[in-house]
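Survey of secondary and tertiary structure
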Amino acid sequence: MKGRPASRAASSDNGQGAAPHTRAPEVKGHAFPKHFRLLRRADFRRVYEEGQRRSASLCTVFLHSNQLAYSRLGITVPARVGKAVLRNRIKRRLREVFRLNRTQIAAGWDIVVNPRAQTAVAGFQKLEREFLRLLPRAKGEPKGEPVSS
């Protein structure tokens, strides 16, 4: 095929994309690899249009089942929240809460977070508690306190 790499043209996936992961990928150390992130516009759209919505004082969370063995996180911070430095700080804090508590969050969900401006100034433990309260819990996980470092 013209314009396509040879390896892609010869693949046997019949143009339907790769099969979904049947088990959660292994993560070494404190990493937050791309497969735990929502990156494509189509994925965000699907969560917004077909998912359920839950709100708290610091953020709104949209959830949609993803048929994977792990949950993925997407964060959208509107420009009205503040300048880029502030928006990026909010995203870093939310990713860290997700990363530290990934084992407490039920597998198989795409999660999109829309934080509010107060998220930037809220204490980390309050942010963690509010955010995790909105998410489905993994089976066997108590409703106790989140894992804080």
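What you see is a predicted model; the values in this text were computed from it and never measured.

1. Looking at the nonpolar core
The tendency in soluble globular proteins is for nonpolar side chains to be buried as a group. Ranked by internal contacts, the top residues of the largest apolar core, which has 27 residues, are Val-61, Leu-73, Phe-98, Ile-111, Val-113, Phe-131 and Leu-135. For this core, the secondary-structure elements that each account for two or more residues are strand 2 (59-65), strand 3 (72-75), helix 3 (84-100), strand 4 (109-115) and helix 4 (124-133). The greatest single-element share of this core, amounting to four residues, is contributed by helix 3. Excluding residues within four positions of it along the chain, Leu-135 makes contact with Arg-54, Val-61, Leu-63, Ile-105 and Ile-111. Core analysis: the next-biggest nonpolar cluster, separate from the first, contains five residues, Leu-38, Phe-44, Phe-62 and Val-112 among them.

2. Comments concerning the sheet that holds strand 3
The four strands lie next to each other as 1-2-4-3, forming an open sheet whose pairing is mixed. For this open sheet the edge positions go to strand 1 (52-55) and strand 3, each flanked by a neighbour on one side alone. For this sheet, the mean angle separating the axes of adjacent strands, direction not counted, is 20°. In this structure, strand 3 lies alongside strand 4, joined through four bridges in parallel fashion. The partner of Leu-73 across the bridge, within strand 4, is Ile-111.

3. Looking at the environment of Arg-92
Note that Arg-92 resides in helix 3. Arg-92 gets classed as partly exposed once you look at its relative accessible area, which sits at 48%. Taking the C-alpha atoms as reference points, Arg-92 and Ile-75, separated by 17 residues in sequence, lie 9.7 Å from one another.

4. Section: the pattern of salt bridges
Overall, the coordinates contain seven salt bridges when judged by the stated rule. Of the charged contacts, one joins Glu-130 and Arg-133 as a salt bridge, the two residues approaching to 3.4 Å between their closest N and O atoms. Highlighted residues: Glu-130 and Arg-133, both in helix 4, separated by three residues, approximately one helical turn. For Glu-130, a relative accessible area of 15% gives the class buried.

5. Here's the deal with helix 3
For helix 3, with 17 residues, the first-to-last C-alpha span of 24 Å sits near the 24 Å given by 1.5 Å per residue. For helix 3, every residue scored as buried is listed here: Ile-90, Arg-93, Leu-94, Val-97, Phe-98, Arg-99 and Leu-100. On its buried face, helix 3 is in contact with strand 3, strand 4 and helix 4.

The rules behind these values
Residues numbered from 1 in each chain as written. Predicted model: local features only at pLDDT ≥ 70, side-chain atom pairs only at ≥ 80, totals over all residues. Heavy atoms only, no water. Core = buried A, V, L, I, M, F, W, Y, C linked by side-chain atoms within 4.5 Å. Buried < 20%, exposed > 50% of the residue type's maximum accessible area, 1.4 Å probe, protein only. Helix = DSSP H or I, 4+ residues; strand = E, 2+ residues; numbered from the N terminus. Contact = heavy atoms within 4.5 Å. Pairing = 2+ DSSP bridges. Axes fitted to C-alpha atoms, helices over the stretch in contact; angles between N-to-C directions. Salt bridge = Lys/Arg side-chain N within 4 Å of Asp/Glu carboxyl O. Expected span 1.5 Å × (residues − 1).

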